[in-house]
Amino acid sequence: MPRGRYSLHDPHDHTPLADEYFHCAPGPSGWRYVSQLTTPSGDRSGSVDLALDDLGRPIRLELHAGGWQVRGAALDGVTWVRTDPTGEHATEGNVRAHAFTGASPAFLVATARLLRLTPGSPATRVRLVALTDPVLAPLTVDQSWALVSREAHPTDNGPLTVDAYEVTALDTGERSTVHLAGDVVLSAPGVELEDLETPPSVFE
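Residues numbered from 1 in each chain as written. Predicted model: local features only at pLDDT ≥ 70, side-chain atom pairs only at ≥ 80, totals over all residues. Heavy atoms only, no water.

Colleague: Looking at this structure, how should I read the side chain of Ser144?
Modeller: One can find Ser144 in strand S11 (residues 137-153). Ser144 gets classed as buried once you look at its relative accessible area, which sits at 15%. In this structure, Ser144 is in contact with Ala123, Thr124, Arg125, Glu166, Val167, Thr168 and Leu170, ignoring residues within four places of it in sequence. (Helix = DSSP H or I, 4+ residues; strand = E, 2+ residues; numbered from the N terminus. Buried < 20%, exposed > 50% of the residue type's maximum accessible area, 1.4 Å probe, protein only. Contact = heavy atoms within 4.5 Å.)

Here it is in structure tokens:
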């Protein structure tokens, strides 16, 4: 069960945004990721609880940020309920999309797991519902993912396979590179892995 800490920052000006303390693990029905976020000053600022089925689809998502809460799952595309801080004005949403995305590194692992790309295969288009900071506002986005390399790196615990993905935002054309090792993000725009207590899990 990987356990560690990511630091999140603005990918453009590198302003620190949060620390995300996480643990994750594959299970009999898929994969689960749980985390708590704190501000740079140490105040608690949110949480993530994401469970995937064995095909990589989100079967349960619960996010908290800025006093807001979103619960969602893959149902007729993806469906969610977003609740305001007072709890009086819950809104429901549904989009013909494949999965969710957001600021948490969990969503990068989840999208890679959903797509199951192989090195050298053509780029794959995916539609996602982004739950954007600071109030988890939903925004439908289209991305293109390609697995551009897969390399094994020697470690004290044996070889570590690192996948490099090229991710393109189809509305702007902006490209970025995401490095994953199993179910851990090694680096991505706005994300750095600061601490990892146990090795990544390897998906079958």
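Once the structure has been displayed, the description carries forward.
Colleague: Honestly, the layout of surface pockets in this entry has me stumped. Any pointers?
Modeller: Picture a little ball the size of a water molecule; that probe, rolled over the atoms, points out where space is still empty. When its volume is computed, the largest pocket comes out at roughly 1,500 Å³. Around the largest pocket sit 50 residues that line it, and Pro11, Gly102, Ala103, Ser104 and Pro189 are the ones nearest its centre. Looking at the lining of the largest pocket element by element, the count peaks at 5 residues for S11. Taken together, the residues of the lining of the largest pocket break down into 25 nonpolar, 18 polar and 7 charged. In this structure, the second largest pocket occupies an estimated 600 Å³ of space. Counting only elements with at least two residues in the lining of the second largest pocket, the list comes to helix H1 (106-115), strand S12 (160-169) and strand S13 (175-181). (1 Å grid on protein atoms, 1.4 Å probe; cavity = no way out; pocket = protein on both sides within 12 Å on 5 of 7 lines; lining within 4 Å. Points joined across faces, edges and corners; volume = space filled by probe spheres on them. Nonpolar A, V, L, I, M, F, W, Y, C, P; charged D, E, K, R; others polar.)

Colleague: When you look at the packing of aromatic side chains in this model, what are you seeing that I'm missing?
Modeller: Think of a pair of aromatic rings as described by two things: how far the centres are apart, and how the planes are tilted against each other in angle. One pass over the structure, following the stated rule, counts 5 aromatic pairs. On the numbers, 4.5 Å between centres and 15 degrees between planes, the contact of Tyr6 with Phe22 is stacked. Here Phe22 lies in strand S2 (residues 16-27) and Tyr6 lies in strand S1 (residues 3-9), a separation of 16 residues in the sequence. The exposure class of Tyr6 is buried, given its relative accessible area of 1%. Seen in terms of ring centroids, Trp145 and Tyr165 are 5.4 Å apart; in terms of plane orientation they differ by 65 degrees. Their pairing is edge-to-face. Of this pair, Trp145 sits in strand S11 while Tyr165 sits in strand S12; the two residues are 20 residues apart in sequence, bridging distant segments of the chain. (Phe/Tyr/Trp six-rings, centres within 6.5 Å; stacked < 30°, edge-to-face > 60°.)

No statement about biological role is implied by the geometric values presented.
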